[in-house]
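# Tertiary structure, described
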Amino acid sequence: MASVTHHRFTVDEYEQMIEKGILTENDRIELICGEIVEKMVIGPLHSAVVNRLNRLLTIRLIDSAQISIQNPIVLGDSQPEPDVSLLLPRDDYYATSKPKASDVLLVIEVADTSLIYDREVKLPMYARGGIEELWIINLTEFKIEVYRQPLPSGAYASRTDFARGESLSIAALADIAFEVDSIVGSEKQSN
């Protein structure tokens, strides 16, 4: 069996490929742990939840955070494009530099077919990168997995699951509660 060599890319190399047109905005890719990976296809339920989050968060957090939908953040050797990022407000809306972990209040990944990937690949990357809070919207069980207190090992010290009928808050904005049903929908839906 032949061995396969993988070439790892830095964020700078990845950015240069974008600047030179080697990679374009039409390429459904992101840089994860030094590797350029293809993003998963987004189904209608996934899209609906992202749209619902965008509206809900914009209405509730208009003066508290900037909502970023499927845009890059820079984390060490990665430049993921999470479904939703809540960022510290900035006058330039991050036009002069991409957000880093210190700019991020919360990252949200919506997961149906990507649940294992989000837990086993993205979660450790976010923890190692210093993302203080990660929500995985688990659409297979219609719950929200909340991870807090990142560890350098690539894990989070705290995980709390919230089901339909419950409410939750963002740690950095604890005075604002969200109903799980308002995020995942109140009825079971099919893709």
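You'll find the structure just up there.
Here the structure is a predicted model, which is why all the values come from computation and not from measurement.

## So, the side chain of Gln79
- Its place among the elements puts Gln79 in the loop between strand E3 (66-69) and strand E4 (84-87).
- Reaching out from Gln79, the side chain makes a polar contact with the side chain of Glu15 at a distance of 2.8 Å.
- Setting aside chain neighbours within four positions, we find Gln79 in contact with Val11, Tyr14, Glu15, Glu30, Leu31, Pro72, Ile73, Val74 and Lys98.

## Comments concerning helix H1 (residues 11-19)
- Along H1, the positions that sit buried rather than exposed are Val11, Tyr14, Glu15 and Met17. Along the axis of H1, the buried positions cluster into a sector of 155°, meaning they face one direction only. Along H1, exposed side chains directed more than 90 degrees from the buried face belong to Asp12 and Glu19.
- The inward-facing, buried residues of H1 contact strand E1 (29-32) and strand E2 (35-38).
- Gly21 occupies a position one or two residues after H1 and carries a positive phi of about 85°.

## Focus on the pattern of salt bridges
- In this structure the tally under the stated criterion is twelve salt bridges.
- The closest approach of N and O atoms between Arg8 and Asp77, which form a salt bridge, is 2.8 Å. With Arg8 in the segment before H1 and Asp77 in the loop between E3 and E4, the pair connects residues that are 69 residues apart, well separated along the chain.
- Classification of Arg8 as partly exposed rests on a relative accessible area of 45%.
- Residues Glu145 and Arg119 are paired through a salt bridge, measuring 2.4 Å at the closest nitrogen-oxygen approach. With Glu145 in strand E7 (residues 143-150) and Arg119 in helix H3 (residues 115-129), this pair connects stretches of sequence that are 26 residues apart.
- Assessed through its relative accessible area of 0%, Glu145 is described here as buried.
- One connected set of salt bridges, linked through shared partners, spans Arg119, Glu141, Lys143, Glu145, Arg159 and Asp161.

## A word on the layout of surface pockets
- The calculated volume of the largest pocket comes to roughly 320 Å³.
- Elements represented by at least two residues in the lining of the largest pocket include exactly helix H2 (44-61) and E3.
- Top contributing element to the lining of the largest pocket by residue count: E3, with three residues.
- For the lining of the largest pocket, the residue count by class is ten nonpolar, five polar and two charged.

So, how was this worked out
Residues numbered from 1 in each chain as written. Predicted model: local features only at pLDDT ≥ 70, side-chain atom pairs only at ≥ 80, totals over all residues. Heavy atoms only, no water. Helix = DSSP H or I, 4+ residues; strand = E, 2+ residues; numbered from the N terminus. Polar contact = N/O pair within 3.5 Å; in protein donor to acceptor, adjacent residues only side chain to side chain. Contact = heavy atoms within 4.5 Å. Buried < 20%, exposed > 50% of the residue type's maximum accessible area, 1.4 Å probe, protein only. Arc of directions from axis to C-beta. Salt bridge = Lys/Arg side-chain N within 4 Å of Asp/Glu carboxyl O. 1 Å grid on protein atoms, 1.4 Å probe; cavity = no way out; pocket = protein on both sides within 12 Å on 5 of 7 lines; lining within 4 Å. Points joined across faces, edges and corners; volume = space filled by probe spheres on them. Nonpolar A, V, L, I, M, F, W, Y, C, P; charged D, E, K, R; others polar.

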